[in-house]
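Each chain is listed here by its residues.
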Amino acid sequence: MTSAPAAAAERQHSPHDPVRVGHDELLGSVARHFRDRGIPAAEARTAAEALCYGDLAGFPSHGLTNLRRLYLPLLESGRCDPAARPLTVTDLGACAVVDHRRALGLWAAAASMDDAVARARRYGIGLVAVRGGTHFGCAGFHAARAAAEGLVGIVASNCGSQRLARPPLGTLPLLGTNPLSVAAPALDGHPFVLDMSTTAVPTGRVRLAAREERPVPEGWLEDADGTPVTDPAAFDRGEAHLRWLGGDPDNGAHKGFGLGLMVEVLSAALSGSGVGPAPEALSGDGTPHGRDDGVGFFLLAIDPGLLRPGGEFRDTVRSLFGTVADCPPRPGAGPVRYPGWHEAERATARRRDGVPLPRELHRELVELGLLSGDGDGEAGR
């Protein structure tokens, strides 16, 4: 038998070890927290799933760390209306424009993708352009809803009137991080899910690094002259700017910037949402500014079963992604995988073993009343 002192020693963990909490416990606690703030039960559950997806799949910058920092202030300030009901502005059958009237984006984007899927089942494609949105968490969560139904899903969102990144060679920030996601069925249990910001990284990853007091790699941030910055706190001090996906102007920054503009057209111009590159942006002082109000979403679902009946699409994507997974790796490297594979693996393991939360975040959730204070690093405790 293990002695009492030895057992106690085994239960001791480093202050830096994460606390593992059961996924169902997290979902239930977050859903109740949203319900307590006036969000109807079904929408609160969807919002909890969207928020917890970040920690479940390995995107902690878009997970529970944003509950106190982002979503609760949105609700408490009135910038987000917990009781908002969507209003369909235009409905053409296969496509629609919907005003979500400041609803919590975590559930509004999911509901809109479900709407797009239903339209695609009838017409082959379904497009829902959303105005009046708020921050929706991980774009991949919403795109993957289509893939789970055997469809292809495409999701994009601008940042409303928030301006964080400068054009290549420009001095004034005009665009947000403008995320883009594409999801599709692939190998069993491992859908293809590409989820990316059009800047080098989203602001959440920068702020998570600042919270953990660790430097960021060169290539994420730059100062006003384009010199790399590795202090993540410099971003919120207004001393650093996000770089575009692709690097500097000589090595591909125009690609990320072009994708960011594409997202602005699809998510904001189509839906009638707030636009980053508006004339008033030209009167700024060169620092990031504006709020992510009036966010626009673009959600597209495509039903391959109607376009290529008889299972042809399914067979093609299985062969396509199977070939990727079978590609021989470089010597000493891990296996070759496609976007979404590792996220699916993490989600499976964390549903089984518990979701790891940094101890500081765990304490924060305890203070909010979501979790008990006896977590010791074991799942569900």
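Residues numbered from 1 in each chain as written. Predicted model: local features only at pLDDT ≥ 70, side-chain atom pairs only at ≥ 80, totals over all residues. Heavy atoms only, no water.

Enquirer: Before we move on, can you summarise the overall build of the protein with the specific residues and values?
Expert: Broken down by element type, the protein carries 13 helices and 12 strands. Along the first, second and third principal axes, the C-alpha set of the protein runs to 70 × 55 × 55 Å. Just so you have it, the protein exposes about 17,200 Å², and 54% of that area is on carbon and sulfur atoms. Averaging the locations of the 39 positively and 46 negatively charged side chains of the protein gives two centres separated by 3 Å. (Helix = DSSP H or I, 4+ residues; strand = E, 2+ residues; numbered from the N terminus. Areas by Shrake-Rupley, 256 points an atom, 1.4 Å probe, with all protein chains shown as cover. Lys, Arg positive; Asp, Glu negative; His and termini not counted. Charge placed at Lys NZ, Arg CZ, Asp CG, Glu CD.)

Enquirer: Account for helix α5 (residues 105-123), with residues named and values stated.
Expert: An ideal rise of 1.5 Å per residue puts 27 Å on 19 residues; α5 measures up with 26 Å between its terminal C-alpha atoms. Those residues of α5 lying buried are Gly105, Leu106, Trp107, Ala108, Ala109, Ala110, Ser112, Met113, Ala116, Val117, Arg119 and Ala120. Directly after α5, the chain includes Gly124, whose backbone phi takes a positive value near 95 degrees. (Expected span 1.5 Å × (residues − 1). Buried < 20%, exposed > 50% of the residue type's maximum accessible area, 1.4 Å probe, protein only.)

Enquirer: Lay out the nonpolar core with the relevant residues and their values.
Expert: With 41 residues, the main nonpolar core has Leu26, Phe34, Leu64, Leu104, Leu357 and Leu365 as its most contacted residues. For this core, the elements supplying multiple residues, two or more each, are β1 (19-21), α2 (23-36), α3 (41-57), α4 (65-77), α5, β12 (355-357) and α13 (359-367). Top contributing element to this core by residue count: α3, with nine residues. Ranked by size, the runner-up nonpolar core spans 23 residues in total, among them Ala96, Met113, Ala143 and Leu151. (Core = buried A, V, L, I, M, F, W, Y, C linked by side-chain atoms within 4.5 Å.)

Enquirer: Got a sec to walk through the pattern of salt bridges? Specific residues and values, please.
Expert: In the structure shown here, the tally under the stated rule is 24 salt bridges. A salt bridge links Asp114 to Arg145, with the nearest nitrogen and oxygen atoms 2.9 Å apart. Note that Asp114 is positioned in helix α5 and Arg145 in helix α6 (residues 139-148), a separation of 31 residues in sequence. In this structure Arg145 comes out as partly exposed when scored by relative accessible area, which is 22%. The network of salt bridges with common partners includes Arg79, Arg291, Asp292 and Asp293. (Salt bridge = Lys/Arg side-chain N within 4 Å of Asp/Glu carboxyl O.)

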